Amino acid sequence: MSASGGTRAIVAALGANLAIAASKFVAFAFSGSSSMLAEGVHSLADSGNQFLLLVGGKKAQREATPQHPFGYGRERYIYAFLVSIVLFSVGGMFAIYEGYEKIRHPHELEHWYWPVGVLVFAILAEGYSFRTAIRESNQLRGKLSWSQFIRRAKAPELPVVLLEDFGALIGLVLALGGVGLALLTGDGVWDGIGTVLIGVLLVSIALVLAAETKSLLLGESAGLEEVRKIETAVVDGRTVTGIIHMRTLHLGPEELLVAAKIAVQHDDTAGEVAAAINAAEARIREAVPIARVIYLEPDIYSETEAARGADPDATPGGPTPHAAGH
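Residues numbered from 1 in each chain as written. Predicted model: local features only at pLDDT ≥ 70, side-chain atom pairs only at ≥ 80, totals over all residues. Heavy atoms only, no water.

1. Let's talk about the overall build of the chain
To be explicit about the condition: Secondary structure follows DSSP: runs of H or I at least 4 residues long count as helices, runs of E at least 2 residues long count as strands, and numbering of each begins at the N terminus. Exposure classes here rest on a 1.4 Å probe applied to the protein chains alone. A residue is buried below 20% of its type maximum, exposed above 50%, and partly exposed in between. Working rule for contacts: check all heavy atoms of both residues, and any pair within 4.5 Å makes them a contact. The protein chains shown are the only cover counted for residues, whose accessible areas, like all others here, come from Shrake-Rupley with a 1.4 Å probe.
Regarding its fold elements, the chain presents 10 helices and three strands. Of the regular secondary structure in the chain, the N- to C-terminal order runs α-α-α-α-α-α-α-α-β-β-α-β-α. For the chain, with 326 residues in total, the buried portion stands at 46%. Partitioning the contacts of the chain with sequence separation of at least 6, the portion at a separation of at least 24 is 76%. Summing over all exposed atoms, the chain offers an accessible surface of approximately 15800 Å²; the carbon and sulfur share of this is 63%.

Here you go:
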């Protein structure tokens, strides 16, 4: 993804959430609405989350060092995982606790126009932030559905902002419903129920984010389209006749490691093989620009060895899921 696109979405969400958090805490102070308090903490947590994403993006730009020879690209994954923890603990669990207390000890809302006015303002502000995230995501999503985009995206920022903003909008509707029912019935229990529902929503979103960022932290391969481009670029039909096996790994959202054992002719000279490897690396980088770390190992292709299957000790992880058919 474009780092600038993710940053624009984060900054838009950060500005909206800071303004919304301030207005929600003012509304809580005047009305005593637990939904407003939960939503205020939610917006404050979201603001902290967006700050974490910005910090992660900044740290990921550091140059590689002898201790970290592949760079710091995964910092973005680490900070995105922290976001899911903050959303779960600070946002979700606090809202559930506050809602439970309000259900146990309900009280009538005061100055109802404060929470209603703030919720309407918050819906408009979150809608703007959500619209920005959708616009930036559409430039990268292609023909993928939204669920596929969130699952397959290698850069965590846009999926995180999309889910946060979507959850915020649903939470605002729940808060408005809880406040509205409390006003109509005169029973503050509805305000507490709305708060609990907000907490359950936030916990659910946090669990989805945690699962996705955990997968990125463990290390994901390139997408199928990128793998096909790499396979096509490696083989030249002359010196490099095929791919025996290949592994790809995202070192960060915009940095890909490619390691492959390639088949060469048995009578090729060392100079011919070296030149073919250099040419293959250049073709890979042209086809997939994010493939910045490439290791190609030449070998003599043997049908007998191929029939035996991949050696798990030689190729960690077992047979590659993106076999090139060589």
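2. Here we look at the confidence of the model for the chain
Quick reminder of the rule: Every residue carries a pLDDT, the predictor's confidence in it, which falls somewhere between 0 and 100.
Residues of the chain with pLDDT of at least 70 account for 90%, and the chain-wide mean is 82. The low-confidence segment residues 1-5 (pLDDT under 50) makes 12 contacts with residues lying over four places distant or belonging to another chain.

3. Let's talk about the environment of Ile-205
The topology assignment puts Ile-205 in helix α7 (residues 189-218). In sequence terms Ile-205 and Val-160 are 45 residues apart; their C-alpha atoms lie 9.4 Å from each other. If sequence neighbours within four positions are ignored, Ile-205 has contacts with Leu-87, Leu-163 and Gly-167.

4. Comments concerning the pairing of strand β2 (residues 255-264)
Across a regular strand the side chains alternate sides, sitting on one face of the sheet and then on the other. Note the following rule: When DSSP finds at least two bridges between two strands, those strands are taken to pair. Seen with its strands pointing away from the viewer, a crossover is right-handed when the path leading from the first strand over the helix to the second is clockwise.
The buried count for β2 comes to nine of 10 residues, which makes it a mostly enclosed element. If you look at the hairpin formed by strand β1 (residues 240-252) and β2, you'll find two residues sitting between the two strands. The pairing of β2 with strand β3 (residues 291-300) spans nine bridges and is parallel. Across the sheet, the residue bridging to Ala-259 is Tyr-295, located in β3. In this view, the connection linking β2 to its parallel neighbour β3 by way of helix α9 (residues 270-287) has right-handed handedness.

5. Observations concerning the nonpolar core
The cut-off we apply is this: To form a nonpolar core, buried Ala, Val, Leu, Ile, Met, Phe, Trp, Tyr and Cys residues must be joined to one another through side-chain atoms within 4.5 Å.
With 39 residues, the main nonpolar core has Leu-53 and Val-161 as its most contacted residues. Leaving out residues up to four positions away in the same chain, Leu-53 has contacts with Ile-10, Ala-80, Val-83, Glu-157, Val-160 and Val-161. Counting 22 residues, the second largest nonpolar core, distinct from the first, contains Ile-230, Val-273, Ala-280 and Ile-294.

6. What about a nonpolar patch on the surface?
Selection rule: Patch construction takes residues with relative accessible area above 30% that form no salt bridge. Like charges are linked within 9 Å, and nonpolar side chains (Val, Leu, Ile, Met, Phe, Trp, Tyr) are linked within 5 Å. Salt bridges are defined as contacts in which a side-chain nitrogen from Lys or Arg sits within 4 Å of a carboxyl oxygen from Asp or Glu.
Among the surface-exposed residues, Ile-78, Leu-82 and Ile-85 lie close enough to one another that they form a single nonpolar patch of about 230 Å² accessible area. Within the element layout of this structure, Leu-82 appears in helix α3 (residues 75-104).

7. Quick notes on the pattern of salt bridges
In this structure the tally under the stated criterion is nine salt bridges. A salt bridge links Arg-62 to Glu-75, with the shortest nitrogen-to-oxygen separation between them at 2.3 Å. Here Arg-62 is found in the loop between α2 (34-59) and α3, whereas its partner Glu-75 is found in helix α3, with 13 residues between them in sequence. The exposure class assigned to Arg-62 is partly exposed, which follows from its relative accessible area of 38%. A cluster of three or more residues bridged by salt bridges with shared partners is formed by Arg-76, Glu-157 and Glu-254.

8. Focus on the side chain of Lys-102
In plain terms, the rule: Definition of a polar contact: a pair of N or O atoms within 3.5 Å, with one able to donate and the other able to accept a hydrogen when the atoms are protein atoms, and with sequence-neighbouring residues admitted only if both atoms are side-chain atoms.
The topology assignment puts Lys-102 in helix α3. Within the structure, Lys-102 has its side chain in polar contact with the side chain of Asp-191 (distance 2.8 Å).

9. Here we look at the sheet that holds β2
Put simply, the test is: Angular values range over 0 to 180 degrees, each being the angle between N-to-C directions of two axes fitted as lines to C-alpha atoms, with helices fitted over their stretch in contact.
Overall, mixed pairing links the three strands, which are arranged β1-β2-β3 in an open sheet. Bordering the open sheet on either side are β1 and β3, each of which pairs with just one other strand. Between one strand and the next, the sheet's axes are offset by a mean angle of 15°, whatever the strand orientation. Looking at chain direction, β1 and β2 are connected through 10 bridges and run antiparallel. The residue bridging Thr-248 from the neighbouring strand is Val-258, located in β2. The strands that helix α8 (residues 224-234) touches are β1 and β2; relative to β1, the one it contacts most, it runs at about 140°. Relative to β3, α9 is tilted by about 145°, and along the sheet it contacts β1, β2 and β3.

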